[in-house]
Each structure stands twice: as structure tokens, then as C-alpha cells.
Amino acid sequence: MTSYLSDTQSTFSSGQPKVNNAPAPLAWTGSSDIFALRLREQPAQPPERLWEFFASRPKNKLSNTTLKVIDVLLTGDLSRIRSHTLADSLRISPTTLRRRLSKDGVTYQLVLDAVRRFRCEASLAKDWVPGKCLAWDLGYAEVNSFYRAFRRWTGRNYSSTLKRKSRKTDGRSNSSNS
């Protein structure tokens, strides 16, 4: 006799399982589901500009684990990626992830901050984005946390970035009219 977990109730019942065509989450943890990160076998080399955001560039060639972490953070949804979910996707424990990153002279937070700054600059180079939207895209839970980080990165307020962009745009339109 085989027991299956019924879709409609959380108790075990005998018989055949119900066929459900809806996609199921990979796993449940408390109130949220775990999502799968798509990892490349050989991640691409990070952009050179990214290294400028590290306090000191790692001296040795980075391990495959560190390159995968950087690659996932560069391409993934920062509002959902946490170190423990990334470790699960790499099929290692969070402690092993921390140990491998520290062997390369970086921490998860250091890599995350560098990637956030890189992605922020890339977004603002294309077009001005409201701070609230950019904070969400970069994975900040609070907009004020993003504003503090932006001030730490650039030395100026985010609102002054809009003023500077509008002055540059006005300058271009005025010079093209004359």
C-alpha cells in the first residue's frame, strides 16, 4: 500500500495521487518557496569596471565559486537572491560559501555592494530612474537604505543626480537650438 500527500489536504491518504497541471514550487520553507537559480558551468568574466568598486582587487585568480556568485548577482533578481539561496543553488552550505569567498579575499556583502553599484551606474547611464524603482531593482528592502548607499558611493544625494542629468539635457538642447 502506497501513501501519497493529497493536494487538497496536508494528511496522507491511500490511493493514486491527483494529477495537477499547475507548476509546483521546488520546495517550501515556511511561507515562501525556493526558486532555482540558473547557474552557468563556466561563468563569464566580470566586467573590468566592476573591480573599481572593490576596496582592493583580489590578487589571485578568483575561484569558480566566486565567479559564479558574481555572475548570478550581475544577471539575477537582486530582490530575491540571498546568500543562503545562492549557496543552496551551488549545492554547498552557507558556511562553505563564506569560506570559499574569504579564500578569494572577498565577502558576500562586499560582492553584493559592488554589483549593486555597478548595476546602479549602468541603469543611470541609460536613463534616470526613480529612486524607489531603482532601490527595488537593486534588492533594497527600504528606499532609504538605497539612498544611504548611493550617498556612500558617490558622495552626493540621489536627488542631485536628477538635477545634474536635467542640466546636462538642457545644455544639450540649448546648444542644439543655437
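Parameters and conventions
- Residues numbered from 1 in each chain as written.
- Predicted model: local features only at pLDDT ≥ 70, side-chain atom pairs only at ≥ 80, totals over all residues.
- Heavy atoms only, no water.
- Phe/Tyr/Trp six-rings, centres within 6.5 Å; stacked < 30°, edge-to-face > 60°.
- Lys NZ or Arg CZ within 6 Å of the ring centre and 35° of its normal.
- Axes fitted to C-alpha atoms, helices over the stretch in contact; angles between N-to-C directions.
- Helix = DSSP H or I, 4+ residues; strand = E, 2+ residues; numbered from the N terminus.
- Parallel < 35°, antiparallel > 145°, perpendicular 65-115°, else oblique.
- Contact = heavy atoms within 4.5 Å.
- Polar contact = N/O pair within 3.5 Å; in protein donor to acceptor, adjacent residues only side chain to side chain.

(A) Structural view of the packing of aromatic side chains. Taken as a whole and judged by the stated rule, the model has seven aromatic pairs. Feature note: the residues W128, Y140, F146, Y147, F150 and Y158 constitute an aromatic cluster, connected by ring pairs. The ring of Y140 carries R116 above its face, with NZ or CZ at 4.0 Å from the centroid.

(B) A look at the packing of helix α2 (residues 64-75) against helix α4 (residues 94-103). Two numbers describe how α2 lies on α4: the axes approach to 9 Å, and their chain directions differ by 105°. On the basis of their axis angle, the class for α2 and α4 is roughly perpendicular. Mapping the contact onto sequence places T65, T66 and V69 in α2 and L97, R100 and L101 in α4.

(C) Looking closely at the side chain of R116. Its location among the elements puts R116 in helix α5 (residues 108-126). Here L138 takes part through its backbone oxygen, which lies 2.8 Å from a polar atom of the side chain of R116. Beyond its immediate sequence surroundings of up to four residues, R116 is in contact with L78, Q109, L138, G139, Y140 and W153.

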